[in-house]
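# A structural walkthrough
Residue strings, one per chain:
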Amino acid sequence: MREEWRLFAALSLPESGRERVAAAIAHLQARGYRAKWVDPADSHLTVRFFGSVATDAVPNLVAALQASVRGVQPFLLRVAGAGVFPHPERPRVLWLGVDGHLPALLELVERVELHAGNFAEASETRRFHPHITLARVRPEDLGTLRGLPQELQRLGRLPPVAFPVERLTLYRSELFRSGPRYTVIEEFPLG
């Protein structure tokens, strides 16, 4: 039986970005909200989720991601805004927004899709929406989220936190009852 790893490509956040995630989570928790909160230390912006990839295909995925970043120059993004997926009435994901040099980010996303999209379990049908996940909302948590739109507006009015994007990272995700554990497989410097 062949071994498979659950993989995704992402942009890691610097300390200032992780601090903003931690502060946003603390703010929402102080309101009595319950959800499956992310660990701020693991915060990232997912560029492409691949799903299960055979370990013997990982070197080919690494080569494809190296080709993806070739010629892409470092750029700046900002943590700014907040929202939910799919809808404020029935949120499943709480997130912080991302803005800044979005054309450069979208170019990177397109290049990853072009060079490495065939490693993914399924084609991406949704439009890419850059975000940093704060929490996943379980059905039993919905009743605790009273006033969520106003709280997200408050978070959205905080001053943006700029961060440089200098590398793309390939992560392995292992799921445990206590939460996911991410391991860096390879980093791909831009430029």
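Residues numbered from 1 in each chain as written. Predicted model: local features only at pLDDT ≥ 70, side-chain atom pairs only at ≥ 80, totals over all residues. Heavy atoms only, no water.

## Digging into the side chain of S68
- In this fold, S68 is placed in helix 2 (residues 58–69).
- Accessibility expressed as a relative area gives 0% for S68, which makes it buried.
- Here the side chain of S68 touches A64 through a polar contact of 2.9 Å, landing on its backbone oxygen.
- Excluding its chain neighbours within four sequence positions, the residues that come into contact with S68 are L108, R111, V112 and H115. (Helix = DSSP H or I, 4+ residues; strand = E, 2+ residues; numbered from the N terminus. Buried < 20%, exposed > 50% of the residue type's maximum accessible area, 1.4 Å probe, protein only. Polar contact = N/O pair within 3.5 Å; in protein donor to acceptor, adjacent residues only side chain to side chain. Contact = heavy atoms within 4.5 Å.)

## Looking at the nonpolar core
- Of all hydrophobic cores here, the largest spans 53 residues; its most connected members are L11, F50, L65, L77, L94 and L168.
- Ignoring anything within four residues of it in the chain, the contact list for L77 reads L11, L45, V98, D99, G100, H101, L102, L105, V161, A162, F163 and V165. (Core = buried A, V, L, I, M, F, W, Y, C linked by side-chain atoms within 4.5 Å.)

## Description of the environment of V38
- Relative to the assigned elements, V38 resides in the loop between strand 2 (36–37) and strand 3 (44–54).
- A residue is classified by how much of its surface remains accessible, and V38, at 21% relative accessible area, is partly exposed.
- Spatially, the C-alpha atom of V38 lies 8.1 Å from that of R136, the residues being 98 residues apart in sequence.
- With residues near it in sequence (within four places) discarded, V38 still touches V21, I25, S43, T133, L134, A135 and R136.

## A few points about helix 1 (residues 15–30)
- Compared with the 22 Å implied by 1.5 Å per residue over 16 residues, the 22 Å span of helix 1 between its first and last C-alpha is a close match.
- By the burial criterion, the buried members of helix 1 are G17, R20, V21, A24, I25 and L28. All buried residues of helix 1 fall inside an arc of 130° around its axis, so they share one side.
- Each element contacted by the buried residues of helix 1 is listed here: strand 2, strand 4 (75–85), strand 5 (93–100), strand 6 (131–136), helix 4 (148–156) and strand 7 (161–165).
- In the stretch just after helix 1, G32 is the one whose phi turns positive, near 90°. (Expected span 1.5 Å × (residues − 1). Arc of directions from axis to C-beta.)

## Some thoughts on the environment of L134
- Tracing the backbone through its elements, the reader meets L134 in strand 6.
- You can call L134 buried: its relative accessible area is 0%.
- L134 sits 113 residues away from V21 along the chain, and the two C-alpha atoms are 6.8 Å apart.
- Apart from residues lying up to four places away in sequence, L134 is in contact with V21, A24, I25, L28, K36, W37, V38, L94, W95 and L96.

## What to know about the sheet that holds strand 8 (residues 167–176)
- The sheet built from 4 strands is open, its strands ordered 3-1-8-9 with antiparallel pairing. Two strands close off the open sheet at either side, each with one partner strand: strand 3 and strand 9 (179–189). The mean inter-strand angle of the sheet, taken between neighbouring strand axes irrespective of direction, is 25°.
- Pairing of strand 8 with strand 9, which is carried by 10 bridges, proceeds in the antiparallel orientation. (Pairing = 2+ DSSP bridges. Axes fitted to C-alpha atoms, helices over the stretch in contact; angles between N-to-C directions.)

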